[in-house]
Amino acid sequence: MDNCVLVTGGAGYIGSHVVKELRRKGCRPLVYDNLSTGHVWAVKEDELIEGDLGDYEHVQRILHKERPLAIMHFAGSSSVGESVQLPELYFRNNVINSFNLLEAMLSCDIKSFIFSSSAAVYGDPQQIPIPEDHALAPVNPYGEGKVFVERALRWYEQAHGLRYISLRYFNAAGADPEAELGETHNPETHLIPRILDVALGKKPCIEIYGTNYDTPDGTCIRDYIHVNDLAQAHILALEALLDGAPSRIYNLGNQRGFSVKEVVDVARVVTGHAIPVRESSRRQGDPPVLVASSERIKKELDWKPHYDDLKRIVETAWRWMKKGKVEYQK
Ligand SMILES: NC(=O)c1ccc[n+]([C@@H]2O[C@H](COP(=O)([O-])OP(=O)(O)OC[C@H]3O[C@@H](n4cnc5c(N)ncnc54)[C@H](O)[C@@H]3O)[C@@H](O)[C@H]2O)c1
């Protein structure tokens, strides 16, 4: 057995950053991805197996051959708005395909699993910052799917001895500080790259959905976490599982919220561009404030975020987007 870690969705935004970190740590990341939203260029020098998690036999064949130490499961569909329009797509890709993967891994006696969960499991929270034991009350099929998988993991653990760490990310943001990797979704739904698209001249203005929320400036507040800090958390989770740690669920955020208007202001400073805004009505199912308590992972896994400053997060995204515009985006 070598130090292979199978990374589903490793050609995507967050997965590719984790793959880079795994390689740096001396692991052999093996990416399994159907390239539906991922990119071949994001895999760099690592191995990429093109395949779909819906293809149980293929997944099982790969696992049987490669015998990874652990699986990191990023693959999935992640547009909240789309999940409301197409719940069947989200339950198939995020729930049924996750169950396929779990079944295939158990059939190969692989028992360490790291899952990409989300703040969407909490819905509209009653308590800020949100602790992990807050009630789960998702308000869209995307969040509901993450809850299904988390709940199932507990039963797989009890029945089959699977150990897992579920990481509930808040708003992943920023890019590889070396600007080799970054966020490139089409269409882009995340706030920071959408704002930076305006600074690049690709869009005339940034739309702000809702300016009458019960927040200091009326716009929604979110907790932005740098993708490299997420990557570090995955490495710590892997080490913990391989050391025999029990299954756990951790939030991942900076415990600090920024409003949409504040993010636009920071982007103006970073880019030197005026970034015009257009105010429009609220989107359905957008909670006013989502801020994580990340005390548990800090305490238990000694996780320390290095990019807890929004300006630095936006700077890394900006460097990537200026480069990506030239090299990758037609
Ligand atoms: N980006 C965020 O802010 C955020 C926040 C919370 C949770 N998450 C979760 O993190 C994970 C990664 O998110 P991301 O932003 O990197 O998304 P992404 O779309 O960039 O990456 C997902 C990857 O999975 C692949 N994929 C999708 N369906 C597949 C399938 N059936 N078989 C094989 N590969 C498949 C895609 O091609 C892509 O490379 C997702 O599970 C998402 O729900 C993301």
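Residues numbered from 1 in each chain as written. Predicted model: local features only at pLDDT ≥ 70, side-chain atom pairs only at ≥ 80, totals over all residues. Heavy atoms only, no water.

### Describing the site of the ligand
Stated formally: Near is defined per residue: the residue qualifies when any heavy atom it owns lies within 4 Å of the molecule or strand. Think of a polar contact as two N or O atoms within 3.5 Å of one another; within protein, one of them needs to be a possible hydrogen donor and the other a possible acceptor, and neighboring residues in sequence only count if both atoms come from side chains. Each accessible area is a Shrake-Rupley result for a 1.4 Å probe, and residues are judged covered by the shown protein chains and nothing else. A run of DSSP states H or I qualifies as a helix once it reaches four residues; a run of E qualifies as a strand once it reaches two. Both are numbered from the N-terminal end.
Within the structure, the ligand sits among 30 residues, and Asp33, Thr37, Asn93, Tyr142 and His185 are positioned closest to it. Between the ligand and the protein, one listed contact pairs an oxygen atom with a backbone N or O atom of Ser36 at 3.0 Å. Within the contact set of the ligand, an oxygen atom lies 2.9 Å away from a backbone nitrogen or oxygen of Phe74. In the complex, the protein chains occlude 97% of the 830 Å² of accessible area that the ligand would expose alone. Counting residues per element, the ones that place at least two in the shell around the ligand are α1 (13-24), α4 (87-107), β5 (112-118) and α5 (141-160).

### Points about the sheet that holds strand β9 (residues 221-222)
Applicable threshold: Each pair of strands is called paired provided DSSP finds at least two bridges between the two strands.
Read across the open sheet, the three strands follow the order β12-β9-β14; overall the sheet is mixed. Sheet topology places β12 (258-259) and β14 (289-290) at the edges, where each strand pairs with a single neighbour. The pairing of β9 with β14 spans two bridges and is parallel. When the sheet's bridge partners are listed, Arg222 is paired in β14 with Leu290.

### Notes on helix α2 (residues 56-66)
The test is simple: When accessible area is computed with a 1.4 Å probe and restricted to protein chains, residues below 20% of their type maximum are described as buried, those above 50% as exposed, and intermediate ones as partly exposed. Two residues form a contact once any of their heavy atoms are found within 4.5 Å.
Where α2 is concerned, the buried positions are Tyr56, His58, Val59, Ile62, Leu63 and Glu66. Buried residues along α2 sit in contact with β1 (4-8), β2 (28-33), β3 (47-50), β4 (70-73) and α4. Among the residues trailing α2, Arg67 stands out with phi positive, at a value near 45 degrees.

### Focus on the pairing of strand β8 (residues 206-209)
Along β8, the buried face is formed by Ile206 and Ile208; none of Glu207 and Tyr209, which line the opposite face, is buried. Bridge count for β8 against strand β13 (residues 277-280) is four bridges, and the pairing is parallel. Residue pairing in the sheet places Tyr209 in a bridge with Ser280 of β13.

### Let's talk about the domain arrangement of the protein chain
Applicable threshold: Note: domain ranges come from an automatic or database domain assignment. By buried area we mean how much accessible surface two parts lose on assembly, using a 1.4 Å probe and totalling the loss over both. A carboxyl oxygen of Asp or Glu within 4 Å of a side-chain nitrogen of Lys or Arg is what we treat as a salt bridge. The classification used treats Ala, Val, Leu, Ile, Met, Phe, Trp, Tyr, Cys and Pro as nonpolar, Asp, Glu, Lys and Arg as charged, and all other residues, Gly among them, as polar.
Here the protein chain is described as being made up of domain 1 (4-173 + 225-252) and domain 2 (191-222 + 255-327). On a C-alpha basis, the centres of domain 1 and domain 2 stand 24 Å from each other. Taking both partners together, domain 1 and domain 2 bury about 2300 Å²; carbon and sulfur atoms supply 66% of that area. For the pair domain 1 and domain 2, the interface holds two salt bridges. Taken together, the connections running from domain 1 to domain 2 amount to ten residue pairs in polar contact (both at pLDDT 80 or more). Counting only elements with at least two residues in the side of domain 1 that touches domain 2, the list comes to β7 (171-173), β10 (224-226), α7 (227-242) and β11 (248-252). Tallied by class, residues from the side of domain 1 that touches domain 2 come to 18 nonpolar, six polar and four charged.

### Section: the side chain of Ser294
By the secondary structure assignment, Ser294 is in the loop between β14 and α9 (295-301). Sequence-distant contacts of Ser294, that is, excluding residues within four places in its chain, are made with Asn251, Leu252, Gly253, Gln255 and Trp303.

### Focus: the pairing of β1
A large share of β1 lies buried, amounting to five of its five residues. Neither face of β1 is left uncovered, since the one carrying Cys4, Leu6 and Thr8 and the one carrying Val5 and Val7 both have all their residues buried. Pairing of β1 with β2 involves five bridges; the strand directions are parallel. When the sheet's bridge partners are listed, Leu6 is paired in β2 with Leu30.

### Here's the deal with the pattern of salt bridges
Going through the model one piece at a time under the given rule, you end up with 21 salt bridges. Asp286 is paired through a salt bridge with Arg283; the nearest N and O atoms lie 3.1 Å apart. Owing to a relative accessible area of 41%, Arg283 belongs among the partly exposed residues under this scheme. Taking the shortest distance from any N to any O, the salt bridge between Lys311 and Glu315 comes out at 3.1 Å. Pair noted here: Lys311 and Glu315 are both in helix α10 (residues 310-327), with a separation of four residues, about one helical turn. Judged by relative accessible area, which is 28%, Glu315 ranks as partly exposed.

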